[in-house]
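These are the residues of each chain, in order.
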Amino acid sequence: MKAGIADTTFARVNMGAIAIEELKKNASIRTERYTVPGIKDLPVAAKKLIEEQGCDIVMALGMVGGMPIDKTCAHEASLGLIFVQLMTNKHVIEVFIHEDEAENDKTLAELVDKRTREHALNVIELLLKPKLLVKRAGMGERQGGIDAGSLRL
Amino acid sequence: MKAGIADTTFARVNMGAIAIEELKKNASIRTERYTVPGIKDLPVAAKKLIEEQGCDIVMALGMVGGMPIDKTCAHEASLGLIFVQLMTNKHVIEVFIHEDEAENDKTLAELVDKRTREHALNVIELLLKPKLLVKRAGMGERQGGIDAGSLRL
Amino acid sequence: MKAGIADTTFARVNMGAIAIEELKKNASIRTERYTVPGIKDLPVAAKKLIEEQGCDIVMALGMVGGMPIDKTCAHEASLGLIFVQLMTNKHVIEVFIHEDEAENDKTLAELVDKRTREHALNVIELLLKPKLLVKRAGMGERQGGIDAGSLRL
Amino acid sequence: MKAGIADTTFARVNMGAIAIEELKKNASIRTERYTVPGIKDLPVAAKKLIEEQGCDIVMALGMVGGMPIDKTCAHEASLGLIFVQLMTNKHVIEVFIHEDEAENDKTLAELVDKRTREHALNVIELLLKPKLLVKRAGMGERQGGIDAGSLRL
Amino acid sequence: MKAGIADTTFARVNMGAIAIEELKKNASIRTERYTVPGIKDLPVAAKKLIEEQGCDIVMALGMVGGMPIDKTCAHEASLGLIFVQLMTNKHVIEVFIHEDEAENDKTLAELVDKRTREHALNVIELLLKPKLLVKRAGMGERQGGIDAGSLRL
């Protein structure tokens, strides 16, 4: 099994390195890395990782600035990533962190690290043990934050 | 006939279990379940259920948080789900519940349960008795809430 | 010639019945009806009517609620309907009525009736006498309302 | 060479006639006209002009009302027109005029006329003399209005 | 290796000339230029450069006006550019400058020049030395502005 890792020079944290470290620590998985300038370059990078490098899944890692134009870019990139998946029948796990999610640089960096690692674990399960995810259905999980938990019926 | 059930670990209710229970209770239908992290992972999950697992229809079950970014994610997921349908000529019934639709956790959980069950019945009709839906055309039906009813001409 | 009629159980008027009545009254045209739960189910219904039922054109009939989420759903459905057309090279005439277009239930029902009928006539011309539409180019036509008329140059 | 001319009965000016007149006046070009009800019908009309009528380029002519719903329709139509181009590798030149661009009916009609004619000239160059456009790169051209001009470096 | 350069007559700076100069100065790369009227014409231009002119990568260069409609056009163009990439598995580097990013014409022209040149260098690396980009991952790079830099973990 091989996971593609697409990240950007725009991000302020080396997300690709974190993702690879977490994947390697928890599973026997090969990785292929591809760094592009910004998040709008991620969809084609993900598609090339799948179709040209034989990746079975991709993590698309990016940070989103705090301006309206940045939000629009993230929206466009997200739509592109969904289409990559529909064109390839492979999962592309989007790990985007918005700069305005954190109060300062320190908590922002921590959030990037935590969310990237937690999604790396999702990638391992999707690829190797998808039935484990069924057991966590409806648990209100939040990657990088405190889980919301499940509601009582 | 086989229905795919795609749900998420992000949701705060085990929507997949509810859908399967309601489907089994009302029809003789096989089901295949697929749990993914979040709603943006649902489109490819639905497409894989159709193309790799032979499902004739899919329920895409998800909860949507109350922040603007959550609304954007839901919009992106919805567009993806529409494209899955156009690529496969199969229905994917979207069952999304927005957290801000309910006043508290209790009514939210009830809404999730009710809407999921009512859409499960739609799935059965679409699959097994599509002509029954014609009889309900223009009735102002609202899954999970009180029907708006039909207008007098 | 065969026209597909896709409508919803969400709508509060039996739009499909009105469309079929108007089509039959004005032309010798076969019809095929398909009722789905909501407007986001219309794109795949339209595509199935064209590809599986051999329809030469489709009317996609729906009502849109007054909440922001309803507007988003309509936008998603509209994009899907445009893609159906590009995938099939057939017209899908969208007939959407927004609940906030009318002041009360009575005028809303009248608007639904009038717009549906006027678009049924468009469908007949697109299918049987497309050159007649050229004569009406630039006339400021408004289905269901008072025509805006043409401007003087 | 053959140019497709797609316009609408919704528009308040006979844009198709203006476009054809300007094309014929300035080049030896065949034209094929296709009138549809509204701007959301333009994408499939453009695709049919290219694929079924053999057009080498299309002008998609439309007017956009002043309500929010009209803006949404224009956005949807624009996306559709971009996809037609990507599916056919042919240019579709969008000529949309928003009603709120002008102060009164007279200036609106003039704007429609001017923008349509100036885009007709663009169509001729794209089709017959594309290298002439390179000479005008970065000149701040505005079809229908006063050119913004080029900035000094 | 061959880079396509797509730009517009709408832009107020000859972006294509700047991009070609910077590419030629820094690498032995062939270029093909294609100028279109506006940014919404860029997606098909990029696709034609790739599929009909054999370009291995494309720069899509454009300026975006300050009105809401201009923002919408840019959004539509961006989505189109992402789809071109997914249809061709080639990078299309979008270089858009919004008029409201700068305080006056002089700083706007400087921004256009700087961002175009910095993205030309990205194009060279993506094409010839993609592994160099990995070394710059997470560095908070900003083309045309001051880099945001990387965050400490």
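Not measured: the values here are computed from a predicted model.

Within chain A one finds five helices and four strands. Helices and strands in chain A line up, N terminus first, as β-α-β-α-β-α-β-α-α. Judged by the C-alpha coordinates and their principal axes, chain A covers about 45 × 40 × 30 Å. Counting over 153 residues, chain A shows a buried share of 54%.

This part takes up the sheet that holds strand β2 (residues 30–36) of chain E. All names here are of chain E. Taken in spatial order, the four strands line up as β2-β1-β3-β4 in an open sheet, and their pairing is parallel. Pairing within the sheet leaves two strands with one partner each, and these edge strands are β2 and β4 (92–98). Geometrically, the sheet is characterised by an average inter-axis angle of 15° between neighbouring strands, direction not taken into account. Where strand β1 (residues 2–8) meets β2, seven bridges bridge the pair, whose relative direction is parallel. Its bridge partner being in β2, I5 is matched across the sheet by R33.

Here we come to the packing of helix α1 (residues 15–26) of chain D against helix α4 (residues 105–128) of chain D. Residue and element names in this part refer to chain D. Taken N-terminus to C-terminus, the directions of α1 and α4 make an angle of 45°; their axes are 9 Å apart at the nearest point. Put simply, α1 runs oblique to α4. Regarding α1 and α4, the two cross each other, and that crossing is right-handed. Note on element contacts: α4 touches α1 through V112, D113, T116, R117, A120, L121, V123 and I124, opposite M15, I18, A19, E22, L23 and N26. Looking at the contact of α1 with α4 residue by residue, the class counts come to nine nonpolar, two polar and three charged.

Okay, the sheet that holds strand β3 (residues 57–64) of chain A next. All names here are of chain A. Spatially, the four strands line up as an open sheet ordered β2-β1-β3-β4, and their pairing is parallel. At either margin of the open sheet sits one strand with a lone partner, and together these are β2 (30–36) and β4 (92–98). In this sheet, adjacent strand axes meet at a mean angle of 15° when their direction is disregarded. Running at roughly 160° to strand β1 (residues 2–8), helix α2 (residues 42–51) makes contact with β1, β2, β3 and β4 of the sheet.

Contact with chain A, which involves 34 residues of that partner, is made by 25 residues of chain E. Of all the secondary-structure elements, those providing two or more residues to the side of chain A that touches chain E are β1, α1 (15–26), β2, α2, α3 (68–88) and α4 (105–128) of chain A. The dominant element in the side of chain A that touches chain E, judged by the number of residues it contributes, is α3(A), at eight residues. For the side of chain A that touches chain E, the class distribution of residues is 15 nonpolar, seven polar and 12 charged.

What follows covers the relation of the copies chain C and chain D. Take chain C, turn it by 72°, move it 0.0 Å along the axis, and it overlays chain D with an RMSD of 0.0 Å. Interpreted geometrically, this transformation is the action of a five-fold axis. With a heterologous cut-off of 20% or less, the 4% of interface residues of chain C that recur at the interface of chain D puts this contact in the heterologous class.

Relative to the elements of secondary structure, R136(D) occurs in the segment after α5 (130–135). On the basis of neighbour counts, which here come to 19 C-beta atoms within 10 Å, the residue R136(D) falls in the partly exposed class. Each residue touching R136(D), except ones within four places of it in the same chain, is listed here: E141(D) and T9(E).

Each side of the interface is counted separately: chain C has 25 residues, and chain D has 34 residues. Secondary structure elements with two or more residues in the side of chain C that touches chain D: α3 (68–88), β4 (92–98) and α5 (130–135) of chain C. For the side of chain C that touches chain D, the element with the highest residue contribution is α3(C), accounting for six residues.

Superposing chain A onto chain E takes a rotation of 72° combined with a translation of 0.0 Å along the rotation axis, leaving an RMSD of 0.0 Å. In this assembly the copies use different faces: only 3% of the residues contributing to the interface of chain A also contribute to that of chain E.

Turning next to the confidence of the model for chain A. If pLDDT is low for a region, its predicted coordinates should not be looked at in detail. Taken over all residues, the pLDDT of chain A has a mean of 97, while the share at 70 or more is 100%. Scoring of the predicted complex yields 0.97 for pTM and 0.97 for ipTM.

Bringing α3(C) into the picture now. A rise of 1.5 Å per residue sets the reference length of α3(C), with its 21 residues, at 30 Å; its end C-alpha atoms lie 31 Å apart and thus fit the reference within 8%. Of the residues flanking the end of α3(C), it is N89(C), one or two places downstream, whose phi is positive at about 55°.

Looking now at unusual backbone geometry. Residue and element names in this part refer to chain A. One non-glycine residue, N89, lies in the positive phi region at around 55°. Structurally, the position occupied by N89 is in the loop between α3 and β4. Given 13 C-beta atoms within 10 Å, N89 falls into the partly exposed group.

Residues and elements named next belong to chain B. Mapped onto the elements of the fold, I39 is located in the loop between β2 (30–36) and α2 (42–51). Judged by the 28 C-beta atoms lying within 10 Å of it, I39 falls in the buried class. Spatially, the C-alpha atoms of I39 and L153 are 40 Å apart, while their sequence positions differ by 114 residues. I39 has contacts with T8, F10, G62, V64, C73, A74 and A77, leaving out every residue within four places of it along the chain.

Quick look at helix α1 (residues 15–26) of chain E now. Across its 12 residues, α1(E) extends 17 Å between first and last C-alpha, which sits within 8% of the 16 Å expected from 1.5 Å per residue. Buried within α1(E) are the following residues: M15(E), G16(E), I18(E), A19(E), I20(E), E22(E) and L23(E).

About the cut-offs
Residues numbered from 1 in each chain as written. Chains lettered and ligands numbered in written order. Predicted model: local features only at pLDDT ≥ 70, side-chain atom pairs only at ≥ 80, totals over all residues. Helix = DSSP H or I, 4+ residues; strand = E, 2+ residues; numbered from the N terminus. Buried ≥ 20, exposed ≤ 12 C-beta atoms within 10 Å, placed from the backbone. Pairing = 2+ DSSP bridges. Axes fitted to C-alpha atoms, helices over the stretch in contact; angles between N-to-C directions. Parallel < 35°, antiparallel > 145°, perpendicular 65-115°, else oblique. Left-handed = near helix turned anticlockwise from the far one by under 90°. Contact = placed C-beta atoms within 7 Å. Nonpolar A, V, L, I, M, F, W, Y, C, P; charged D, E, K, R; others polar. Least-squares fit on C-alpha atoms with pLDDT ≥ 70 in both. pLDDT = per-residue confidence, 0-100. Expected span 1.5 Å × (residues − 1).

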